[in-house]
Amino acid sequence: MQKNMNDFFYFIYLSFKNISPLRIFQIIESKKLILNGLCLELGASEKPDKNFSSFIKGKCKFNYSNLNIKNKSGSFKMDLTKKFKLKQNKYKYILIFNVLEHLNKHSFCLYEIKRVLKKNGSIFGSTPFIYQIHGAPKDYYRFSKDFYLRELKKIGYKKIVVKSLGYGPLIACFSLVYSYLKFLPIFSQIIIILCILLDMILQIFIKTKLKEIYPIGYFFSANK
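Residues numbered from 1 in each chain as written. Predicted model: local features only at pLDDT ≥ 70, side-chain atom pairs only at ≥ 80, totals over all residues. Heavy atoms only, no water.

A. The overall build of the chain, seen in detail. Counting its secondary structure elements, the chain contains seven helices and seven strands. Counted from the first residue to the last, the chain has its helices and strands arranged as α-α-β-β-β-β-α-β-α-β-α-α-α-β. Relative to a compact globule of 224 residues, whose C-alpha radius of gyration would be 17 Å, the chain shows 18 Å and is just as compact. In terms of overall dimensions, the chain has C-alpha extents of about 50 × 35 × 35 Å along its principal axes. (Helix = DSSP H or I, 4+ residues; strand = E, 2+ residues; numbered from the N terminus. Rg over C-alpha atoms; globule rule 2.2 N^0.38 Å.)

Written out as structure tokens, the structure is:
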């Protein structure tokens with residue numbers, strides 16, 4: 001209960017920084033990770049503070065890749081729909097946030113990630129579900145929890161965990177119109193607080209977890 005309340009207050013805090021609900025949930029999950037060793041963040045930004053690795057605790061050294069990133073120390077260009085130019089069993093941990101929905105060969109990418117992970121290494125990722133179309137340059141898919149449980153198992157991953165991100169239908173609706181409401185500071189934060197509180201009240205009368213029915217996105221992890 002205390003943990004959930006801490007997440008709630010941190011969610012509200014980040015909402016005042018004009019961060020989308022999906023990204024807030026993803027940041028909250030990232031901050032719970034403690035990683036040590038050589039790590040890789042796929043689809044990373046050239047701005048370090050924009051990467052999810054910046055929220056992770058532990059003694060980890062990160063490499064970064066993106067299709068358009070400038071080649072510099074620790075960063076390199078990678079087309080995730082093609083064979084990775086990386087050695088097998090190289091990384092202890094790999095992050096892939098908000099990337100798989102943009103790949104027309106997502107399964108191939110997941111196979112390649114498994115190949116370059118060390119034995120017992122882990123993948124951590126997240127994708128949107130109830131979310132607007134956002135091309136980068138294309139937006140192909142929305143993946144469900146059942147998809148991740150089946151696909152990751154089929155590829156050979158173990159200890160698969162998939163977490164639904166959200167509170168319920170009202171915060172999901174807010175997420176869809178966030179790109180417009182964000183231009184109305186204070187009013188936007190009032191609306192988001194009301195949406196969360198109404199979802200919590202609605203949850204009292206419904207047995208099924210509302211975030212399982214109306215997920216803004218998913219966070220997943222699995223071991224090689």
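B. How the structure looks around a nonpolar patch on the surface. Where nonpolar side chains cluster on the molecular surface, the patch consists of F16, L170, I186, I190, L194, L198, I201, L202, I204, F205 and I206 and spans about 1100 Å² of accessible area. Broken down by element, the residue count for the nonpolar patch peaks at six residues, all from helix α6 (residues 187-204). Structurally, the position occupied by F205 is in the loop between α6 and α7 (210-213). With relative accessibility at 68%, the residue F205 sits in the exposed group. (Patch = residues over 30% accessible without salt bridge, like charges linked within 9 Å, V, L, I, M, F, W, Y side chains within 5 Å. Areas by Shrake-Rupley, 256 points an atom, 1.4 Å probe, with all protein chains shown as cover. Salt bridge = Lys/Arg side-chain N within 4 Å of Asp/Glu carboxyl O. Buried < 20%, exposed > 50% of the residue type's maximum accessible area, 1.4 Å probe, protein only.)

C. Representation of the packing of aromatic side chains. For the structure on display, the rule yields 17 aromatic pairs. Where Y141 meets F143, the ring centres are 5.5 Å apart and the plane angle is 25°; that geometry is what we call stacked. Look at F143 and you get buried, because its relative accessible area is 4%. Centre to centre, the rings of F174 and Y178 are 6.3 Å apart; their planes meet at 50°, and the pair counts as tilted. Here the residue F174 and the residue Y178 both occupy positions in helix α5 (residues 169-181), the gap between them amounting to four residues, near one helical turn. Taking the relative accessible area as the measure of exposure, F174 reaches 3% and is therefore buried. (Phe/Tyr/Trp six-rings, centres within 6.5 Å; stacked < 30°, edge-to-face > 60°.)

D. A look at the nonpolar core. Of all hydrophobic cores here, the largest spans 31 residues; its most connected members are F11, L35, I171 and I196. Contributions of two or more residues to this core are made by α1 (2-15), α2 (21-30), β4 (91-97), α5 and α6. With five residues, α2 is the single largest residue contributor to this core. In this view, L35 contacts I56, K57, G58, K59, C60, Y93, L95 and F124; residues no more than four positions away in its chain are not counted. Formed by 28 residues, the second largest nonpolar core is a distinct cluster that contains C109, I113, V116 and A222. (Core = buried A, V, L, I, M, F, W, Y, C linked by side-chain atoms within 4.5 Å. Contact = heavy atoms within 4.5 Å.)

E. Quick look at the sheet that holds strand β5 (residues 117-128). Pairing is mixed in the open sheet, where seven strands are placed in the order β3-β2-β1-β4-β5-β7-β6. Each edge of the sheet is formed by a strand with only one pairing partner; in this case those strands are β3 (75-77) and β6 (158-165). Geometrically, the sheet is characterised by an average inter-axis angle of 15° between neighbouring strands, direction not taken into account. Bridge count for strand β1 (residues 37-42) against β4 is four bridges, and the pairing is parallel. Across the sheet, residue L42 finds its bridge partner in β4, namely I96. Along the sheet, α2 makes contact with β4, β5, β6 and β7 (217-223), crossing β6 at roughly 140°. The strands that helix α4 (residues 145-155) touches are β5, β6 and β7; relative to β6, the one it contacts most, it runs at about 165°. (Pairing = 2+ DSSP bridges. Axes fitted to C-alpha atoms, helices over the stretch in contact; angles between N-to-C directions.)

F. Up close: the pattern of salt bridges. Overall, the coordinates contain nine salt bridges when judged by the stated rule. R115 is the salt-bridge partner of E112, the closest N and O atoms lying 2.9 Å from each other. Of this pair, E112 and R115 both sit in helix α3 (residues 106-116), separated by three residues, roughly a single helical turn. Both residues of the pair, E112 and R115, belong to the buried class. With its nearest N and O atoms 3.5 Å apart, the salt bridge here joins E151 to R150. Overall, the relative accessible area of 2% leaves E151 in the buried class. Several salt bridges converge on common partners, so that one network encompasses D7, E29, K32 and K163.

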